[in-house]
Amino acid sequence: MPARGEAMRATPMRLALTFLALAYGAASLGSGIDRILGQLPAGAGTPILIAPAPFADSSLRRAAAVQLADGHDARAASLARKAVVRSPLEPQASSLLGAALLGEQNSVSADAAFRISGQLGWRDGATQTYWMQAALAAGEVAIASERLDAILRLEPLKAHLAVPSAYLEGGQEGRSALAARLANGPGWLPSYFDPGPEVQRFQLVQRAQVAQQLATRKIVGCAAIASFTRRLVAEEMIGAAQDVWRAHCPPARNALLADGDFADQSPFGRSPFAWEKFADGSLSQVPASPKGGLLLESTASFPRKVVRQLLVLKPGTYRLSWSALDAQGRPNDRITANVGCSPQGPQQRIPAAAANQRMAAEWRVTGDCEGRWLTFSLAPGNGGITFGNVRLEQVASAPR
């Protein structure tokens, strides 16, 4: 009988423990659903999914962000208020409310919301953007650059876009502040100098100016700036590209022509001012020796382009020379030089003659184009040609 009494007394306890376990499991499930929903993408047009009311927290913030992205400011504000009540110490909730209130033209309340968000923590992009714009409106460019730096440290790939850096790039003081931030080597520097297709030409001009100012503080090196210079060339901003390239790639500063010996594969090989090589089934070109030069052979019945390089030259007279030797080591005239203002446009041959075991020509450069494509071709013939030691020197300036 005592054992039976103990069993009867234990039954309510078991029921209570079972109920608590079920309640805990339900709470864990609800909280888990909220976290999962809160991590879903929150872009425009994405579905709005909110966890059951007792558990809604991060899913509320996501729903507010979706409504904001869809342009439904009033709905976003309503959801953001609920998120603030649910998690008053969550900075994103306050920043979402601030952004929604801005959309409703309620600037006073929006400012109050962003002040709360700012006091709770700065790791929120919307909050940083608000205070960056506020700093710019107050003429505090240095503070605005701090805010931009914080935004891009949170999301470095945003520097690839036209905004938010455009807020600072438009003015000289802003560009100087940007250069000062970039001089610290932030993680967003590579993305900034690899602008996306939506970055317009005038913005590329501004980024080139930032790059020039950056060079007075920090040289980022050939590899880090090569992609940006290629983009400038693609947009036909050839002079700006060369200025930026020479500013950040010291080996290129005093060279009229890069890698005349065809020996240096880096850094010029990553630059738009490097040799571009041509080869197919009818043309073979391989290194002639570890010290440089190219061994060329062609089976084509017409001249074949071998290499070309983009040059930026001041008006004047230049001396262009190169070495071209046959298999017996004798000078050979099968290598010819041509120049044009575009890689696909008409090319003009530069007449050359043998001089001191080399081919040489004087070349008159005028101001008709910003950049010139120097192309070397191999004429038909038997046997291989060793080509290299290309040199370019200015011998006279254009008359004033």
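My aim in this report is to walk through the structure given alongside it, one point at a time.

Rules used in this analysis
- Residues numbered from 1 in each chain as written.
- Predicted model: local features only at pLDDT ≥ 70, side-chain atom pairs only at ≥ 80, totals over all residues.
- Heavy atoms only, no water.
- Helix = DSSP H or I, 4+ residues; strand = E, 2+ residues; numbered from the N terminus.
- Contact = heavy atoms within 4.5 Å.
- Areas by Shrake-Rupley, 256 points an atom, 1.4 Å probe, with all protein chains shown as cover.
- Phe/Tyr/Trp six-rings, centres within 6.5 Å; stacked < 30°, edge-to-face > 60°.
- Buried < 20%, exposed > 50% of the residue type's maximum accessible area, 1.4 Å probe, protein only.
- Pairing = 2+ DSSP bridges.
- Disulfide = S-S within 2.5 Å.
- Core = buried A, V, L, I, M, F, W, Y, C linked by side-chain atoms within 4.5 Å.
- Salt bridge = Lys/Arg side-chain N within 4 Å of Asp/Glu carboxyl O.

**Remarks on the overall build of the chain**
Within the chain one finds 13 helices and 11 strands. Long-range pairs, those at least 24 residues apart, make up 64% of the contacts in the chain with a sequence separation of at least 6. As displayed, the chain has an accessible area near 20500 Å², and 56% of this comes from carbon and sulfur atoms.

**Some thoughts on the packing of aromatic side chains**
Per the counting criterion, the structure on display carries 10 aromatic pairs. Both rings, one in W188 and one in Y192, keep their centres 6.1 Å apart while their planes meet at 80°; by these two values the pair is edge-to-face. Per residue, the accessibility class of W188 equals that of Y192, and both read buried. Residues F376 and F387 carry aromatic rings whose centres are separated by 5.1 Å and whose planes lie at 55° to one another, so their mutual orientation is tilted. A residue pair is termed long-range when its members are at least 10 positions apart, and F376 in strand β10 (residues 372–378) and F387 in strand β11 (residues 385–397) qualify at 11 residues.

**Quick look at the sheet that holds strand β1 (residues 276–277)**
Read from one edge of the open sheet, 5 strands run β1-β4-β10-β6-β7, paired in antiparallel fashion. Every interior strand has two partners, whereas the edge strands, β1 and β7 (348–350), have only one. Direction of pairing for strand β6 (residues 335–340) relative to β10: antiparallel, over a ladder of 6 bridges. By the bridge assignment for β10, G340 is matched with W373.

**Describing the state of the cysteines**
As enumerated under the stated definition, the model contains 2 disulfides in all. Covalent S-S linkage joins C222 and C249, the inter-sulfur distance amounting to 2.1 Å. On the S-S bond that ties C222 to C249, the torsion sits near 85°, and the link is right-handed. Taken together, the positions of C222 in helix α12 (residues 222–234) and C249 in the loop between α13 (238–248) and β1 put the pair 27 residues apart, joining distant regions of the chain.

**Digging into the nonpolar core**
Membership of the largest hydrophobic core comes to 42 residues, with the highest contact counts inside it found for L182, Y192, F193, F228, L232, W245 and F273. Residue assignment for this core shows that the elements contributing at least two residues are α6 (125–137), α7 (141–154), α9 (172–182), α10 (189–192), α11 (201–215), α12 and α13. Counting residues in each nonpolar core, the second largest holds 29 residues, with L313, V339, W363 and V365 among its members.

**Focus on the pattern of salt bridges**
Throughout the structure, instances matching the rule amount to 10 salt bridges. Across the pair D261 and R391 runs a salt bridge whose closest N-O atoms are separated by 3.1 Å. Remark: R391 occurs in strand β11 and D261 occurs in the loop between α13 and β1; sequence separation between them is 130 residues. On the basis of relative accessibility, which here comes to 30%, the residue D261 falls in the partly exposed class. Here D280 makes a salt bridge to R304, at a shortest N to O gap of 2.8 Å.

**So, the environment of L214**
Position of L214 among the secondary structure elements: in helix α11. L214 gets classed as buried once you look at its relative accessible area, which sits at 0%. For the pair L214 and R175, spaced 39 residues apart in sequence, the C-alpha separation works out to 9.3 Å. Setting aside residues up to four positions removed in sequence, L214 forms contacts with A179, L182, A183, F193, V220 and H248.

**Description of unusual backbone geometry**
Following V163, the chain continues into P164 via a peptide bond in cis, with omega recorded as 10°. Mapped onto the fold, P164 is located in the loop between α7 and α8 (166–169). One non-glycine residue, Q105, adopts positive backbone phi at about 65°. In the Ramachandran plot, E236 falls in the positive-phi region, its phi being about 65° despite a non-glycine side chain. In this fold, E236 is placed in the loop between α12 and α13. Residue E236 is classed as exposed on the basis of its relative accessible area of 63%.

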